[in-house]
Amino acid sequence: MPQQFRFGDYQQEIGTGHKTVSFNDLKPAPKLDTDGNLISQQEPRIKLNGGEIYNLIRPYLSVRFIGQVKTVVPLAAYLLLFQIIILRQLEADYLIITGGMLAVILGLMFFMEGLKLGLMPFGTVIGSILPRKSPLPLVLLVTLLLGIGVTFAEPAIGALKAAGQNVSVEQAPYLYTLLNEWSGALVMVVGLSVGLAAVLGTLRFLYGWSLKPMIYMALLPLLVLTVAAATDPDLMSVVGLAWDCGAVTTGPVTVPLVLALGVGIASAAGKGDSGLSGFGIVTLASLFPVIGVFLLAFYVSFTLTPAEIIEAAQHASAAATSAPAWYETSPGEEIALGVRAILPLVIFLYLVLKLILREPLKNRGEVFFGIGLTILGMCIFNLGLTYGLSKIGGDVGGLIPAAYTKVDGIEMSPIYIYGVGLALALLFSWALGFGATMAEPALNALGDTTENLTNGVFKKKTLLFSVSLGVACGISAGLAKLIFGFPLYWLIVPTYLLAMLLTFLSTEEYVNVAWDSAGVTTGPITVPLVLAMGLGVGSAMNAVEGFGILCMASIGPIVAVMISGLWARHKAGKQAAAAVKDEPVTQSQEAQALL
Amino acid sequence: MTILTDVSLITCVVKQDMSDAILKAALEAGALTGAISYHARGHGARERLGLVGIAVEAEKDVISLLVSSEQRDTVFDAVFHAGNLNVPGNGHQYITPLEKVATYVPEDMLTRLAKTKQGA
């Protein structure tokens, strides 16, 4: 007699490989005191054995490690392959470079995780509570100070300082002194400019100002300063540095922390959901530092003459014969830099939390661990910067001119005839810019926002493509400037004037996205690499300085995005016009359709 | 109104990036009729593990699956393996018996059901 069972019942009955444990046995039974009230019981900390900890940590680490590997390795591989195949040179210290690259990957991994655990909690708490508790002037003061703090903590700032060591004091005295004796003041001025940009950007959120007049008002004095500096033979060398500073500031620390505060202020005022909130600060934070650096350069030029600087530098190099302290030589220097970059920001955030907000710190242990990780990551990253990124960028940069011209110390140079070699060098830099930008994770996020903001008219793919194209062309243009040695302002003034014209023609959404996309492209890997490459090319060509590539890489995407935005709007308008033409809908038909 | 009985609700709480794998496994086990997934933040284990707790992702995806009581255990098994729920930090799932579910059932399904009932 066959009997029917439901398979589900059967399976539950035999319980294949299942073990049933009552949750009551795992949890302590509630205890009541004599009045019948619950006695709260502190549960003990869960203990895990080695295997369990391994299983827990492994996926956590591998996800983060692979995330950084994906951004660093393709770039490094591309550089090495280019060096071997096109330039036919073997990297001499490949062990050091591999180690340096590993340090960059590990350092960024620790740094980003530490940022998430240790600094972002401050940012979100302060961003959401401070604007509600404190009067606006105090909030803006905190924003200003925060702007300074985050600039010091930005990993790419270290690359700028490292660049100063290779500048010749005789050829470019003001550039030399800005990057050496005045380097502290330089970072301070950049930080102050970022702070001011954050304040203005926040005010913009609050009062709903348009970004366009702000861009005009920042650009006009900027272009005047550029021309003024470029026509002064002593200050000419500072132009590239000033413009590159703008690209360095908008990195992984500044953008999220400053945005958290800015958006917090806007939403506390009930203006947080306009869709455009969050945009604009990055733009201003990459324009204002340029003004700041120019002003500092003019100040220095009024107080010091070139002769004084050269004399002081010679004096200093003579005095430096004594053994430098441990924190002045690598690797001690990198570690000291790392600690000095993060600690002031952390102390400032903590003081704001304790003294102004009087809020307790949640998850204290986790936050302190995160801060430790951030500092550790910064130190390792700085080491990797010196031995990996800057070295490989500088090496390749130094070799590029060998493709088309005679360079001392390199056999077989020129490797190719002039035209071919030149084309190869420019093509190489173009592909490098394109690939590095396509891989940038922050750009993906911007792409999603843009697609939402423009109701799908501006596709994410279009944005990715046009930004990458812009960066690629910008880097090639910057390299061409180094190779042919024409002044940077020939490139900057026309492109920024074009950008202003496009800003005038474009709608507010596209203006916001386009100007912010420039800040997104210059991350902690691209900046040192491109900077080092430029300086390498510069020194191989015996040029005065190798700055200027980065700033071309930030104006490129601005122009490219606005042009493709105008094109997308033009096409959408054409489609709409065609649709109207094809289907002449009378008003009565339309009314019927609605019914 | 058509009322469905013998329905169970399987709720899976997994790491943020795991929801696609869970949904795929549920589809293969034949359970993808009433699935919703939403984003959530988890608490508890992270706080009680000390320093190791940072490896437990707080960002979670919650997937609700409506299954017939016959499918219940096969889907439960499939989700368990797809989500690697025997590894610490990967999440948990539970089954809730549902008394009634009301929704639209396609005509074709109802007529076929009536035919098989007649035949039997």
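Just so we're clear, the structure is a prediction, and the values are computed from it rather than from any experiment.

1. Here's the deal with the overall build of chain B
- Looking only at helices and strands, one finds four helices and six strands in chain B.
- For 120 residues, the compact-globule estimate of 2.2 N^0.38 gives 14 Å, and chain B exceeds it by more than 25% at 17 Å.
- If you line up chain B on its principal axes, its C-alpha atoms span 65 × 25 × 20 Å.
- Taking all 120 residues of chain B together, 34% fall into the buried category.

2. Observations concerning the pattern of salt bridges
All names here are of chain A.
- All chains considered together, the criterion is met by ten salt bridges over all chains.
- Lys133 is paired through a salt bridge with Glu359; the nearest N and O atoms lie 3.5 Å apart. Placement of Lys133 in helix α4 (residues 94–133) and of Glu359 in the loop between α14 (332–357) and α15 (364–399) is noted, with a sequence separation of 226 residues between them.
- Classification of Lys133 by relative accessible area gives partly exposed; the value is 48%.
- According to the relative accessible area criterion, Glu359 is partly exposed, its value standing at 23%.

3. So, empty space enclosed by the protein
Residues and elements named next belong to chain A.
- By the definition in use, this model includes four cavities of 30 Å³ or more.
- Taken as a whole, the largest cavity holds about 120 Å³ of empty space.
- Along the wall of the largest cavity there are 17 residues; nearest its centre are Gly246, Ser286, Tyr496, Ala518 and Ser554.
- Of all the secondary-structure elements, those providing two or more residues to the lining of the largest cavity are α10 (238–249), α12 (281–303), α20 (508–521) and α22 (549–582).
- Looking at the lining of the largest cavity residue by residue, the class counts come to ten nonpolar, seven polar and no charged.
- Its volume calculated, the second largest cavity comes out at about 50 Å³.

4. Concerning the packing of aromatic side chains
All names here are of chain A.
- Taken as a whole and judged by the stated rule, the model has seven aromatic pairs over all chains.
- Considering the side-chain rings of Tyr496 and Trp515, the 6.3 Å spacing of their centres and the 45° angle between planes classify their relative orientation as tilted. Placement of Tyr496 in helix α19 (residues 488–505) and of Trp515 in helix α20 is noted, with a sequence separation of 19 residues between them. Both residues of the pair, Tyr496 and Trp515, belong to the buried class.
- Among the aromatic residues, those joined into a cluster by ring pairs are Trp243, Tyr496 and Trp515.

5. Regarding the interface of chain A and chain B
- Listed as interface residues are 24 residues of chain A and, on the opposing side, 21 residues of chain B.
- Where chain A abuts chain B, roughly 2100 Å² becomes buried across the two surfaces, and 57% of that area is made up of carbon and sulfur atoms.
- Of all residues in chain A, Arg6, Ile46 and Leu56 of chain A give up the largest surface area on contact with chain B, accounting jointly for 26% of the area buried on that side.
- Where chain A packs against chain B, one counts one salt bridge.
- Between Glu57 of chain B and Arg64 of chain A there is a salt bridge, with its nearest N and O atoms 3.4 Å apart.
- Our count for the chain A to chain B interface comes out at one residue pair in polar contact (both at pLDDT 80 or more).
- Of all elements in the fold, only α1 (7–14), α3 (50–86), α4 and α15 of chain A reach the threshold of two or more residues within the side of chain A that touches chain B.

6. What to know about the sheet that holds strand β4 (residues 59–68) of chain B
Residue and element names in this part refer to chain B.
- Spatially, four strands are ordered β3-β4-β2-β5 in an open sheet, and the strand pairing comes out antiparallel. One side of each edge strand has no neighbouring strand; the edge strands of this open sheet are β3 (34–41) and β5 (91–98). Strand-to-strand twist of the sheet, defined as the mean angle between neighbouring strand axes without regard to direction, takes the value 20°.
- The pairing of β3 with β4 spans eight bridges and is classified as antiparallel.

7. A word on α14 of chain A
Residue and element names in this part refer to chain A.
- Counted at 1.5 Å a residue, the expected span for α14 with its 26 residues is 38 Å, and the 37 Å between its end C-alpha atoms agrees.
- When we look at burial in α14, the residues that qualify are Gly332, Glu334, Gly338, Ala341, Ile342, Leu345, Val346, Phe348, Leu349, Val352, Leu353 and Leu357.
- For α14, the elements touching its buried residues are α4, α5 (136–153), α11 (254–268) and α15.

8. Considering the nonpolar core
All names here are of chain A.
- Counting 125 residues, the largest nonpolar core has Leu241, Trp243, Phe294, Ile492, Tyr496 and Trp515 as its most contacted members.
- If one sorts the elements of this core by residue count, α12 sits on top with twelve residues.
- Excluding residues that lie within four positions of it along the chain, Ile492 makes contacts with Leu223, Val239, Trp243, Cys551 and Met552.
- Listed in part, the 37 residues of the second largest apolar core include Val139, Leu349, Leu353 and Cys379.

9. Digging into the pairing of β4 of chain B
All names here are of chain B.
- Within β4, seven of the ten residues are buried, which leaves the element mostly enclosed by the surrounding structure.
- By the bridge criterion, nine bridges tie strand β2 (residues 7–15) to β4 in an arrangement that is antiparallel. Note that in β4 the partner of Lys15 across the bridge is Lys60.

10. Quick notes on α12 of chain A
- The end-to-end C-alpha distance of α12 of chain A is 33 Å, a good match for the 33 Å that 23 residues give at a rise of 1.5 Å each.
- Counted residue by residue, α12 of chain A has 19 buried out of 23 residues, so it is predominantly covered.

11. Details of a nonpolar patch on the surface
- Nonpolar side chains collect at one region of the surface, where Ile335, Val339, Leu343, Ile347, Leu351 and Leu355 of chain A lie side by side and expose about 490 Å² of accessible area between them.
- When you line up the elements, Leu355 of chain A lands in helix α14.

Cut-offs used in this document
- Residues numbered from 1 in each chain as written.
- Chains lettered and ligands numbered in written order.
- Predicted model: local features only at pLDDT ≥ 70, side-chain atom pairs only at ≥ 80, totals over all residues.
- Heavy atoms only, no water.
- Helix = DSSP H or I, 4+ residues; strand = E, 2+ residues; numbered from the N terminus.
- Rg over C-alpha atoms; globule rule 2.2 N^0.38 Å.
- Buried < 20%, exposed > 50% of the residue type's maximum accessible area, 1.4 Å probe, protein only.
- Salt bridge = Lys/Arg side-chain N within 4 Å of Asp/Glu carboxyl O.
- 1 Å grid on protein atoms, 1.4 Å probe; cavity = no way out; pocket = protein on both sides within 12 Å on 5 of 7 lines; lining within 4 Å.
- Points joined across faces, edges and corners; volume = space filled by probe spheres on them.
- Nonpolar A, V, L, I, M, F, W, Y, C, P; charged D, E, K, R; others polar.
- Phe/Tyr/Trp six-rings, centres within 6.5 Å; stacked < 30°, edge-to-face > 60°.
- Contact = heavy atoms within 4.5 Å.
- Buried area = accessible area lost by both parts, 1.4 Å probe.
- Polar contact = N/O pair within 3.5 Å; in protein donor to acceptor, adjacent residues only side chain to side chain.
- Pairing = 2+ DSSP bridges.
- Axes fitted to C-alpha atoms, helices over the stretch in contact; angles between N-to-C directions.
- Expected span 1.5 Å × (residues − 1).
- Core = buried A, V, L, I, M, F, W, Y, C linked by side-chain atoms within 4.5 Å.
- Patch = residues over 30% accessible without salt bridge, like charges linked within 9 Å, V, L, I, M, F, W, Y side chains within 5 Å.
- Areas by Shrake-Rupley, 256 points an atom, 1.4 Å probe, with all protein chains shown as cover.

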